[in-house]
Amino acid sequence: MKILTISSLFPNAADPKHGVFIETRLKQLRQRYPDVEITVIAPIPWFPFKSSIFGQYSQYAKAPYFEKRFGMSVYHPRYLVLPKVGMTLAPKTMAFSLYRQIKALMAKGEDFDLIDGHYFYPDGVAIAEVARKLNKPFTVTARGSDINLIPQYETPRQQIQDTFHASDHNLAVCEALRQEMIDLGADPAKVSASRNGVDLDLFSFTDERKQQAVRQQLKLPLSTPILLSAGLLIERKGHHLVIEAMKAHPEAQLLIVGMGPDKFKLKRLAKKLNVSNRVTFLGGLSQPELARYFQACDLSVLASSREGWANVLLESMACGTPVVATNIWGTPEVVKTCAAGVLVDRNSQDIATAIGRLLNSPAPRAETRQYAEQFSWDETTDQLYRIFSNLLGSGTHDSSSSSTDSDTVENDKEVTV
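Residues numbered from 1 in each chain as written. Predicted model: local features only at pLDDT ≥ 70, side-chain atom pairs only at ≥ 80, totals over all residues. Heavy atoms only, no water.

Caption draft 1: Expanded view of the overall build of the protein chain. The helix and strand inventory of the protein chain stands at 17 helices and 16 strands. If you line up the protein chain on its principal axes, its C-alpha atoms span 60 × 50 × 40 Å. Within the protein chain, the proportion of its 417 residues that are buried is 57%. Computed over 47 positive and 45 negative side-chain charges, the inter-centroid distance for the protein chain is 9 Å. (Helix = DSSP H or I, 4+ residues; strand = E, 2+ residues; numbered from the N terminus. Buried < 20%, exposed > 50% of the residue type's maximum accessible area, 1.4 Å probe, protein only. Lys, Arg positive; Asp, Glu negative; His and termini not counted. Charge placed at Lys NZ, Arg CZ, Asp CG, Glu CD.)

Caption draft 2: Quick peek at the packing of helix H12 (residues 311-318) against helix H15 (residues 365-372). At a minimum axis distance of 7 Å, the contact between H12 and H15 shows a crossing angle of 135°. As far as their axial angle goes, H15 and H12 are oblique. Along its contact with H12, which presents Leu 314, Met 317 and Ala 318, the element H15 presents Thr 368, Arg 369, Tyr 371 and Ala 372. Grouping the amino acids of the contact of H12 with H15 by side-chain chemistry returns 5 nonpolar, 1 polar and 1 charged. (Axes fitted to C-alpha atoms, helices over the stretch in contact; angles between N-to-C directions. Parallel < 35°, antiparallel > 145°, perpendicular 65-115°, else oblique. Contact = heavy atoms within 4.5 Å. Nonpolar A, V, L, I, M, F, W, Y, C, P; charged D, E, K, R; others polar.)

Caption draft 3: Broad picture of the pairing of strand S15 (residues 323-326). Here S15 shows a buried face lined by Val 323 and Ala 325 and a second buried face lined by Val 324 and Thr 326. Sheet analysis places strand S14 (residues 299-302) next to S15, joined by 3 bridges and oriented parallel. Looking at the pairing, Val 301 lines up with Val 324 of S15. Note on the crossover from S14 through H12 to S15: the handedness is right-handed. The pairing of S15 with strand S16 (residues 341-344) spans 4 bridges and is classified as parallel. Bridge assignment links Thr 326 to a residue of S16, and that residue is Val 344. (Pairing = 2+ DSSP bridges. Right-handed = clockwise from strand over helix to strand, strands pointing away.)

Caption draft 4: Just the environment of Val 173, in detail. Tracing the sequence through the fold places Val 173 in the loop between strand S9 (169-172) and helix H7 (175-183). Linking Val 173 and Leu 227, residues 54 residues apart in sequence, is a C-alpha distance of 27 Å.

Caption draft 5: Main features of the nonpolar core. Grouped together as the largest cluster of nonpolar side chains are 92 residues, with contacts concentrated most on Ile 147, Met 181, Leu 313 and Met 317. Considering every element that reaches this core, the biggest residue donor is helix H4 (residues 120-134), with 9 residues. For this core, the domains that each give at least three residues are domain 1 (2-194) and domain 2 (208-374). For Ile 147, the residues in contact, after removing those within four places along its chain, are Phe 120, Ala 142, Ile 160, Phe 164, Leu 177, Glu 180, Met 181 and Leu 184. Residues Leu 227, Met 246, Ala 270 and Val 275 belong to the second largest nonpolar core, which totals 27 residues. (Core = buried A, V, L, I, M, F, W, Y, C linked by side-chain atoms within 4.5 Å. Domains from an automatic or database assignment.)

Caption draft 6: Quick peek at the domain arrangement of the protein chain. As assigned here, the protein chain comprises domain 1 (2-194) and domain 2 (208-374). One C-alpha centre belongs to domain 1, the other to domain 2; they are set 30 Å apart. Between domain 1 and domain 2, the residue contacts involve 14 residues of the former and 12 residues of the latter. Taken over both partners, the interface formed by domain 1 and domain 2 buries close to 980 Å², and the fraction arising from carbon and sulfur atoms is 64%. Along the contact surface separating domain 1 from domain 2 lie 3 residue pairs in polar contact (both at pLDDT 80 or more). When contributions to the side of domain 1 that touches domain 2 are tallied by element, the ones reaching two or more residues are helix H1 (20-32), helix H5 (145-148) and H7. (Buried area = accessible area lost by both parts, 1.4 Å probe. Polar contact = N/O pair within 3.5 Å; in protein donor to acceptor, adjacent residues only side chain to side chain.)

Now the structure itself:
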């Protein structure tokens, strides 16, 4: 089975955390099914300058055009994004870039059976155009804001709906997104919920004794309650609400993991609320580094206004660390028991109350880890392989499998973290 995965959400040497959840899914699929061959095209917006004064844009310029990642060939062709009109033109410019890259690969004798696309806009719309020209079957996986935000705009909504109908199968990382896709007009028989899993080896368990050793290694206080909030530093991730909640917990320390445009705004807020001496900004961390901080913390907080399937929640729980999370979209599918954590409304008061509840009556860390273990990648990779095989074997999706897939699942462009 030769798969071409296409997504602008994918890591590269200059930005190794970007879209790491898609790379992880591919790694897990190849590990479980060695007969699967995967090539990746991860288009990147064109930008000419590598100087760090341009912030995130400079990362685009620094990204290589080709690299090998975990045995997979990854191509990073550039596509044009124009200010103000970029949202409208991006599907066309991306489709042009994708088609040119694919034709270059085919000219060298490379071919593939199916396109595995991720994120519906602009990626999915562009993929639909390219797949039509090449007469290739394709799937697209919805991941969050491509379904719960972008369709509020009329033109992208229509293009996304057209992609629902053109694709051979649609997937969503949680049941909440799947239902929203159906509400937008997707055929229920062609939509499956396909949750992300968690790497239980990388995000390994630490009991209370080992937790103290990790804190010593990270030079963190041994007896102080430590909280962690991870995600892009933007309003949607809600770090400001967690900082506000710190006023109710003068005994606690907060670690904030992530990079983004709101960094200095958040620092000013912490100073204004007189909690800046208890709030530490760690910047962007690699996955192994993030795991160590999850292991060291008493709990983690995710105060997002929108999420598809929040990977950081499972990563925290796999380390034995329960979560406080806002009750939105796919998050209730992740946090379903007391051992997992607490769901709250999105305001600082409720977040502060839930933090107090978990600090005062914590579940045993072993129970939190045990809960996370049900979210291994095995079920998801089996489901993906079955869907891909059905499409390649029959030329059409077996609708009887889609109801089973969606029923068995517990599950921006962001991404995440």
